[in-house]
Amino acid sequence: MAKLIVTNGDSAVDRLRAAGIAGHLLPWQDMLHDGPVPAGPVLEEVSDVRADFLSEALGLPFDEVRADFAHRDAQIEVHSAYREVELWFEHDLYDQLQLIQLLDFFAHEEERMGLFLVQASHYLGVMEANDMRALEERRQPVTHLQLETAHEAWEAFTAPTPRPLAAFLAKAHDALPHLAPALERLIAELPAPRTGLSLTEERILRKLKDGPMKVAHLYAAVHSMDEAQFLADLPFFLRLDGLAFAHVPLITGLPFRSSEAPGLHFTSGDDSAAARTYRAYAAAEISLTPAGAAALKGDFDHACENAVERSVGGTHVCPGAMWRYDRTRKTLVAPN
């Protein structure tokens, strides 16, 4: 039968089609770097938790989100019906988390013959057809060491504390060369000592230190600061919401919470209500508050004062379990 090609999203699927790469194309869409991710290889259990989080965070109907996950999971669960399975993923955090989820799934499968990895160090969704075809020619069979590495990484990512993740990062993992840099970026989303800011939050505030900015311009500026860019617009908007609508706001100027605008999206030329709402949010001019300026100086602890709650994989950061990461020393700071 035809091969199954699993990749990161619709744009990559479109580029694969344009390159004439034949197979059943399956986009594996989930921003695993945001929200809770339960441990274990059972896709249904992970999808239940992810659908609940994404529907609430993005203002989408739960039934629709869960149905999309069910359709996706069902296709990978019948992988043995295909002659080959190719996993096409990039170097950034968004893709690397999807990759270790899939490799962990296959590590638990008795039948995994014909499993190949196409690993890109550039963004699949913008590649030319010739580049996509060249990538396929360099595909490699997935090795046992890669499966073991991904399994260890997935267990660390979904653990109830970030200690296993820090331990994983303390060792070399040559089998999946893009994984460690991606997970180092992930752990930097834990609150920092003194400021209580994640790396993304700190970058947002530092950009606003020079004066007000429109949301769209701020997103472009912060997004470009990652060498391996991973953060899409909607999860970036969630970070703005957290800073603007906290008990003590660190930024001001947002017209509404992005999660309160169901179906928020942008499509060029689209004049739907959702598209107009998106443009209104993206055009809003935001600025730093006194608390935001104080946080940058280490004089205001956002995580503590605003009782921040967020999940990084399996770790739930909250009052009483406020795990932090010192980005200068590259060390975890356990809750007091």
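This is a predicted model, so every value here is computed, not measured.

(A) Region of interest: the overall build of the chain. When helices and strands are tallied, the chain shows 14 helices and 13 strands. In the chain, once contacts between residues fewer than 6 apart in sequence are set aside, the share between residues at least 24 apart is 65%. Across the chain, the 30 positively charged side chains and the 49 negatively charged ones have centroids separated by 7 Å.

(B) Layout of the sheet that holds strand β6 (residues 140-141). Here we have 5 strands laid out as an open sheet, ordered β2-β1-β4-β5-β6, and mixed in their pairing. In the strand order of this sheet, the two ends are held by β2 (24-27) and β6, each with one partner. Bridging between strand β1 (residues 4-7) and strand β4 (residues 85-89) involves 3 bridges; their strand directions are parallel. Within β4, the position partnered with I5 by the bridge is E86. Of the strands in this sheet, β1, β2 and β4 touch helix α1 (residues 10-18), which is tilted by about 160° from β2. Taken strand by strand, helix α4 (residues 93-107) contacts β1, β4 and β5 (115-119), and its axis lies near 155° from that of β4.

(C) Summary view of the sheet that holds strand β3 (residues 35-36). Sheet architecture is open: 3 strands sit in the order β3-β10-β11, paired in mixed fashion. Because the sheet does not close on itself, it has two edges, and the strands there are β3 and β11 (315-317). Pairing geometry for strand β10 (residues 310-313) and β11, over 3 bridges, is antiparallel. Each residue of the ladder has a partner; that of R310, found in β11, is V317.

(D) Looking closely at the side chain of S258. Along the chain, the position of S258 falls in the loop between β8 (251-252) and α12 (273-283). Within the local environment of S258, its side chain forms a polar contact with the side chain of D241, the two groups lying 2.6 Å apart.

(E) Here's a closer look at the nonpolar core. Formed by 87 residues in total, the largest nonpolar core has its most connected members in V6, I76, L87, L183, L218, F236 and L240. When residues in this core are grouped by element, the largest group, 9 residues, is from α4. Setting aside anything within four residues of it in sequence, one finds V6 in contact with L26, W28, I76, V85, E86, L87, W88, F89 and L102.

(F) Summary view of the pairing of β1. The two faces of β1 match: L4 and V6 on one face and I5 and T7 on the other face are all buried. Two elements, β1 and β2, share 4 bridges in a ladder whose sense is parallel. Residue V6 lies in a different strand from β2, and its bridge partner there is L26. Chirality of the crossover, the property in question, places the unit of β1, α1 and β2 among those that are right-handed.

(G) Looking closely at the packing of helix α9 (residues 199-208) against helix α11 (residues 233-244). Two elements in contact, α9 and α11, have axes whose closest approach is 10 Å; the angle formed by their N-to-C orientations is 75°. Relative to α11, α9 is oriented roughly perpendicular. Seen from α9, the contacting residues are T200, E201, I204 and L205; seen from α11, they are F236, R239, L240 and L243. Considered class by class, the residues forming the contact of α9 with α11 number 5 nonpolar, 1 polar and 2 charged.

Conventions we followed
- Residues numbered from 1 in each chain as written.
- Predicted model: local features only at pLDDT ≥ 70, side-chain atom pairs only at ≥ 80, totals over all residues.
- Heavy atoms only, no water.
- Helix = DSSP H or I, 4+ residues; strand = E, 2+ residues; numbered from the N terminus.
- Contact = heavy atoms within 4.5 Å.
- Lys, Arg positive; Asp, Glu negative; His and termini not counted.
- Charge placed at Lys NZ, Arg CZ, Asp CG, Glu CD.
- Pairing = 2+ DSSP bridges.
- Axes fitted to C-alpha atoms, helices over the stretch in contact; angles between N-to-C directions.
- Polar contact = N/O pair within 3.5 Å; in protein donor to acceptor, adjacent residues only side chain to side chain.
- Core = buried A, V, L, I, M, F, W, Y, C linked by side-chain atoms within 4.5 Å.
- Buried < 20%, exposed > 50% of the residue type's maximum accessible area, 1.4 Å probe, protein only.
- Right-handed = clockwise from strand over helix to strand, strands pointing away.
- Parallel < 35°, antiparallel > 145°, perpendicular 65-115°, else oblique.
- Nonpolar A, V, L, I, M, F, W, Y, C, P; charged D, E, K, R; others polar.

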